[in-house]
Amino acid sequence: MKNAIKTIWNGIKAVFTAIIDWFATLFGMKAETKYARVVRGIVSAAFAVVVIVWAVAAIYGLGRAIHWRVSKLFDTTDDEYRIVEHLTENLSYYDGYYGRDGYLRNGKNRKVLKGIEWISMPMEGDSLVCFSDGNHRGYFHLRDGKVVVKPKYQHAWVFSEGLAAVDENGRVKFINPKGEVVIDRLFAYNDDDCGYVFHNGHCAVREGVSGKMGIIDRSGEWVLPPDYDDIYLRDTFLLLAMGDQHAVLTFAMDTVIPMMAASFIIRDTAILATCADHSQRVYSLQGELVTAAEIRNVEQMMYETREVMYPVNKDGHECTDEYYCYTNPIERMDVATCLRYEGEADWYGLMSPDGKILTPPLYVSITPVAKDLYLCETDYGRGVMLNSKGKPVE
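The rules behind the values
- Residues numbered from 1 in each chain as written.
- Predicted model: local features only at pLDDT ≥ 70, side-chain atom pairs only at ≥ 80, totals over all residues.
- Heavy atoms only, no water.
- Helix = DSSP H or I, 4+ residues; strand = E, 2+ residues; numbered from the N terminus.
- Contact = heavy atoms within 4.5 Å.
- Areas by Shrake-Rupley, 256 points an atom, 1.4 Å probe, with all protein chains shown as cover.
- Phe/Tyr/Trp six-rings, centres within 6.5 Å; stacked < 30°, edge-to-face > 60°.
- Buried < 20%, exposed > 50% of the residue type's maximum accessible area, 1.4 Å probe, protein only.
- Pairing = 2+ DSSP bridges.
- Lys, Arg positive; Asp, Glu negative; His and termini not counted.
- Salt bridge = Lys/Arg side-chain N within 4 Å of Asp/Glu carboxyl O.
- Polar contact = N/O pair within 3.5 Å; in protein donor to acceptor, adjacent residues only side chain to side chain.
- Axes fitted to C-alpha atoms, helices over the stretch in contact; angles between N-to-C directions.

Engineer: I tried to follow the overall build of the protein chain on my own but got confused; where do I start?
Structural biologist: Tallying secondary structure elements over the protein chain gives 3 helices and 29 strands in all. A sequence separation of at least 24 residues applies to 31% of the contacts in the protein chain between residues at least 6 apart. When the accessible surface of the protein chain is totalled, it reaches about 24100 Å², and 55% of it is carbon and sulfur.

Have a look at this one:
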C-alpha cells in the first residue's frame, strides 16, 4: 500500500516538474541568473499553493460526503418538517414531503426503514402494516418496523382477521402473517373494487371467470355465490348490486333490505332508499319502513291568467298616458290548485292541496299553465300535460 502511494506521489511530482520545466524554458528561466532563480521560485511556490488548495478542497468534499452519509443514519434535523404518525410507543412514521421518501424511526431515535412512499394500518387485532416503496407493496411489523414481506406486489391490502389480499399478475390471493399464500382460488382483481378486507369472517371477492362478485369465508369457500355485479362496503353494511337492483346485508350476512329497484344511502340512524321513479323512502337500520315517501320543498305555484291590467296613477285611476299604458301592461297572476314537491334532488311531483301525493317525482320541472293544468317536463324541452288529479290530459 505504501509503495503504491509513493508511486502515485512520484508520478504527480514528475508531472509538475515537467510543467515547471516547460514554463522555465518558455520564459527563459533555465539560465542560472539571479532573475531566473527568483522566477523559478515564484512559479514553484504558486504550483505548491495550487496543489495545497486542491488537496484541501478534496479533503473538504470527502468530509462532507462522509458527514452526509453518517447523518442520514442518525440525523433528525428534518423531522420537524414532516407529519408524524405514532404507530406504537416504539415506532413512528415520518411521511415524505416535496417528493422525498418517508421513513420509520424507533424508540432509540434511529431510522429502521427508509424509502417509504405511504403506509396503511391493519385492522384492529392485526400487527402487519402495508407499505409501498413507490413501485411495489409489502408489509412490516408494528413491533419493530422490520420488513416481514418484502415489497413485491403491485397491489396489496391491509391485514384483517389474520389475512391480507395481494394482487399477483391480476389474481387476488390471500396471505398469512408469514407471507404464505393460504387462499388461491383464481379470484380476479378489479380497479373498481373497494378493497378485499374481512369483516366478521367474510370478504367480498370477484370470481375469475364470470367477473361476478360474491362473499367468501376465511377458508376461501363461498358463503354467498358470485352472482352480483358489485358488492360495496358502507359503514357496517354490505350493499349488493344486480343490474338496477340493490340489497342491504349486515357483515353477519343477515338481510336488512331485500333486493329491490332502488339505491341506498346509509345514514347515521337510518337508510335512505331512492327508487327508480325518484321517490325516496326511509328505513331503520334494522330494515323497518319508517317513511313511505320522504319529500321536501313543498311549494305553491302561480300561473298567468291572461287578464291584462294597466298601470294606475297615484290616485288609483288608470294611467292617461296612452303610450305608456299600451307598452306596459301587467298580466294578472293567480294561484294554481296543486302544489309542487321535491323527491330526489331536482325531481318534482304534484301534490293536492290537502297533502296527498298525486304523481311520483318524475319531472325535472312543473309549470302551471292554468288553474288546473300543468306542463310536466320529463327532461328539458319535452313533457306531458296533467290536470289537477295528476292524470294526463286527453
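Moving on, there is more to tell.
Engineer: Any chance you could explain the packing of aromatic side chains here in plain terms?
Structural biologist: Any pair of aromatic rings gets described here by the distance separating the centres and the angle formed by the planes. According to the stated counting rule, one finds 8 aromatic pairs in the structure shown. Between Tyr139 and Phe159, the ring centres sit 5.0 Å apart and the planes meet at 80°, which makes this aromatic pair edge-to-face. Here the residue Tyr139 occupies a position in strand β7 (residues 137–141), and Phe159 occupies one in the loop between β9 (155–156) and β10 (164–168), the gap between them amounting to 20 residues. For the pair shown, Tyr139 and Phe159 are each scored as buried.

Engineer: Just checking my understanding: could you explain the pairing of strand β18 (residues 245–250) for this structure?
Structural biologist: Sheet faces and side chains relate simply in a regular strand, where the side chains alternate between the two faces. Counting buried residues along β18, 5 of its 6 residues qualify, which places the element largely inside the surrounding structure. Pairing of strand β17 (residues 237–242) with β18 involves 6 bridges; the strand directions are antiparallel. Paired with Leu240 across the two strands is Ala247, which belongs to β18. Hairpin connection from β17 to β18: 2 residues lie between these consecutive antiparallel strands, with Gly243 at a positive phi of about 65°. With 3 bridges connecting them, β18 and strand β19 (residues 255–260) associate as antiparallel partners. Along β19, the bridge assignment pairs Leu249 with Thr255. Following β18, the chain reverses through 4 residues before pairing antiparallel with β19; Met253 in that reversal takes a positive phi of roughly 75°.

Engineer: What is the right way to read the environment of Asp95 from this model?
Structural biologist: Note on placement: Asp95 falls in the loop between β2 (91–94) and β3 (102–106). Taking the C-alpha atoms as reference points, Asp95 and Ile116, separated by 21 residues in sequence, lie 7.9 Å from one another. Apart from residues lying up to four places away in sequence, Asp95 is in contact with Arg82, Ile83 and Gly102.

Engineer: Where do I start with the side chain of Asp126 in this structure?
Structural biologist: Position of Asp126 among the secondary structure elements: in the loop between β5 (118–120) and β6 (128–132). Although Asp126 is buried, it forms no salt bridge, and the closest oppositely charged side chain is Arg218 at an N-O distance of 7.4 Å. In this structure the side chain of Asp126 is engaged in a polar contact, spanning 2.9 Å, whose partner is the backbone nitrogen of Glu161. Engagement of the side chain of Asp126 in a polar contact is seen with the backbone nitrogen of Gly162, the distance being 2.8 Å. Among all residues touching Asp126, those that are not within four sequence positions of it are Leu142, Phe159, Ser160, Glu161, Gly162 and Leu163.

Engineer: Please explain the sheet that holds β5 as it appears in this structure.
Structural biologist: By definition, the strands of a sheet pair up through backbone hydrogen bonds, in either a parallel or an antiparallel sense. Taken together, the 4 strands give an open sheet; going across it, the order is β5-β6-β7-β8, and neighbouring strands pair in antiparallel fashion. Looking at strand neighbours, the two that pair on one side only are β5 and β8 (147–153), the edges of this open sheet. The average undirected angle you get between the axes of adjacent strands in this sheet is 25°. In this structure, β6 lies alongside β7, joined through 5 bridges in antiparallel fashion. Bridging across to β7, Val129 finds its partner in Phe140.

Engineer: Can you walk me through the environment of Leu91 in this structure?
Structural biologist: Tracing the chain through its elements places Leu91 in strand β2. Separated by 14 residues in the primary sequence, Leu91 and Arg105 have C-alpha atoms spaced 5.9 Å apart.

Engineer: Explain unusual backbone geometry to me, please; I cannot follow it from the model alone.
Structural biologist: Most of the time, phi is negative for any residue but glycine, and the peptide bond is trans. We note that Asn109 has phi near 65°; this positive angle belongs to a residue other than glycine. The topology assignment puts Asn109 in the loop between β3 and β4 (111–116). Of the residues examined, Asn109 reaches a relative accessible area of 40% and is grouped as partly exposed. The phi torsion at Asn200 lies on the positive side, around 55°, for a residue other than glycine. As for its placement among the helices and strands, Asn200 is situated in the loop between β12 (181–188) and β13 (203–206).

Engineer: Is there a simple way to explain the pattern of salt bridges in this structure?
Structural biologist: Opposite charge on two side chains makes pairing possible when the charged atoms of those side chains draw close. Evaluation of the coordinates by the stated rule reveals 11 salt bridges. For Asp144, the salt bridge identified is with Arg143, shortest N-O distance 3.7 Å. The salt bridge involving Arg206 is made with Asp193; its shortest N-O contact spans 2.6 Å. One end of the pair, Arg206, is in strand β13; the other, Asp193, is in the loop between β12 and β13, with 13 residues separating them in the sequence. If you follow the salt bridges from partner to partner, you end up with Glu168, Arg171, Lys173 and Asp184 in one network.

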